[in-house]
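Structural overview for review
Listed below, chain by chain, are the residues.
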Amino acid sequence: MDWLIILKIIAVPLLLWLLSILVQRWGTFLGAVVAGLPIVSGPVSLIITLEQGVEFASGMAYNTLPGICVCIWFGVTYSWLACRFRWQTAMPCALVLYFAAAALLCRAPHSLPLFSVLALAAPLIGLRVLPKPKPHHRKGWKAPTAHKGPPWMQMLVGMMAMIGETEGAAWLGPQWSGILVFFPVISGVVGLFAHIENGSEAVIRVFRGTFTGFTGATAFALTVAWCVTALPVWLTYALATAAALLSSALVAHFVKR
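Let me sum up the structure you'll find in this document. (Residues numbered from 1 in each chain as written. Predicted model: local features only at pLDDT ≥ 70, side-chain atom pairs only at ≥ 80, totals over all residues. Heavy atoms only, no water.)

Remarks on the packing of aromatic side chains
Evaluated as defined, the whole model comprises seven aromatic pairs. When the centroid spacing of 6.0 Å and the interplanar angle of 5° are considered together, the rings of F74 and Y78 count as stacked. Of the two residues, F74 and Y78 both sit in helix 4 (residues 54–82), four residues apart, roughly one turn of that helix. Y78 carries the same exposure label as F74, and that label is buried. The interplanar angle of 50° and the centroid separation of 6.0 Å between the aromatic rings of F207 and F211 together place this pair among those described as tilted. Taken together, the positions of F207 and F211, both in helix 10 (residues 200–227) and four residues apart, correspond to about one turn of that helix. Owing to a relative accessible area of 1%, F207 belongs among the buried residues under this scheme. Three or more aromatic residues link up through ring pairs in this structure, and these residues are F74, Y78, Y98, F99, F207 and F211. (Phe/Tyr/Trp six-rings, centres within 6.5 Å; stacked < 30°, edge-to-face > 60°. Helix = DSSP H or I, 4+ residues; strand = E, 2+ residues; numbered from the N terminus. Buried < 20%, exposed > 50% of the residue type's maximum accessible area, 1.4 Å probe, protein only.)

So, in structure tokens, the structure goes:
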């Protein structure tokens, strides 16, 4: 379908451009909350559902749950590595650990209840085990500033990831397609720029916000996994979007206090 190809090319760059505006307007934490929402994975899931069918989409949504866990693992490892190393070392090491964890989870026993519990718990556990940011009131502390440069790199990487994931879905199968839906494109790029410009403390704040948003991504994936074969596609994704926004808003309220 030609309109699906157009959506693939336009959707993610547009979303990333809007995200860059939100980060500049709201700051690192709230911008990262938005980044953690299914802002990329949602359109990817919808496109693949329309292209591959609801049975494939249900299996992919199920396999998205371990993908969320692996992305949380990436954020935790990158944050700790950023406290000790520069980005040139921290990012490659975190990516190697990401793919190693993804490969291990691909071999785990298939269980929707198990992965549902893990995916629901992972963002909350990630928030607890992240390095603690330094107090705001210490002498000489300055709030991290948002990246103000044009987001062309983020837009290009996001578009390529969207095309690669959707075009390769049939070849990869629902398991790896589901896991790679949460490949840390947005959080990785935002965290990388934060590391370069403001150091490890900004990275920690980025992933605190991202993990908060991931509670919404988990709610989105669970809704699709349970409902896409039983309800119309439009209703499934409307319910999934509402669940994502509500759960992220609730967690953000308590984390930001």
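What about the environment of T241?
Here T241 is to be found in helix 11 (residues 233–255). Spatially, the C-alpha atoms of T241 and G42 are 8.2 Å apart, while their sequence positions differ by 199 residues. A polar atom in the side chain of T241 sits 2.8 Å from the backbone oxygen of Y237. (Polar contact = N/O pair within 3.5 Å; in protein donor to acceptor, adjacent residues only side chain to side chain.)

Description of the nonpolar core
Grouped together as the largest cluster of nonpolar side chains are 35 residues, with contacts concentrated most on I72, F74, Y78, F207 and F211. Looking at this core, the elements that each hand over two or more residues are helix 4, helix 5 (87–106), helix 6 (112–129), helix 8 (169–181) and helix 10. By residue number, the principal contributor to this core is helix 4, which donates 12 residues. With residues near it in sequence (within four places) discarded, I72 still touches A122, P123, G126, F211 and F214. (Core = buried A, V, L, I, M, F, W, Y, C linked by side-chain atoms within 4.5 Å. Contact = heavy atoms within 4.5 Å.)

A closer look at the pattern of salt bridges
Taken as a whole and judged by the stated rule, the model has one salt bridge. For the salt bridge of R205 with E201, the shortest nitrogen-to-oxygen distance reads 3.4 Å. Placement of the pair is R205 and E201 together in helix 10, with a separation of four residues, close to one helical turn. Comparing R205 with E201 shows no difference in burial state: the two are buried. (Salt bridge = Lys/Arg side-chain N within 4 Å of Asp/Glu carboxyl O.)

Digging into the side chain of S58
As for its placement among the helices and strands, S58 is situated in helix 4. Note on S58: relative accessible area 16%, which makes it buried. Reaching out from S58, the side chain makes a polar contact with the backbone oxygen of A225 at a distance of 3.4 Å. Setting aside anything within four residues of it in sequence, one finds S58 in contact with A225, V228 and T229.

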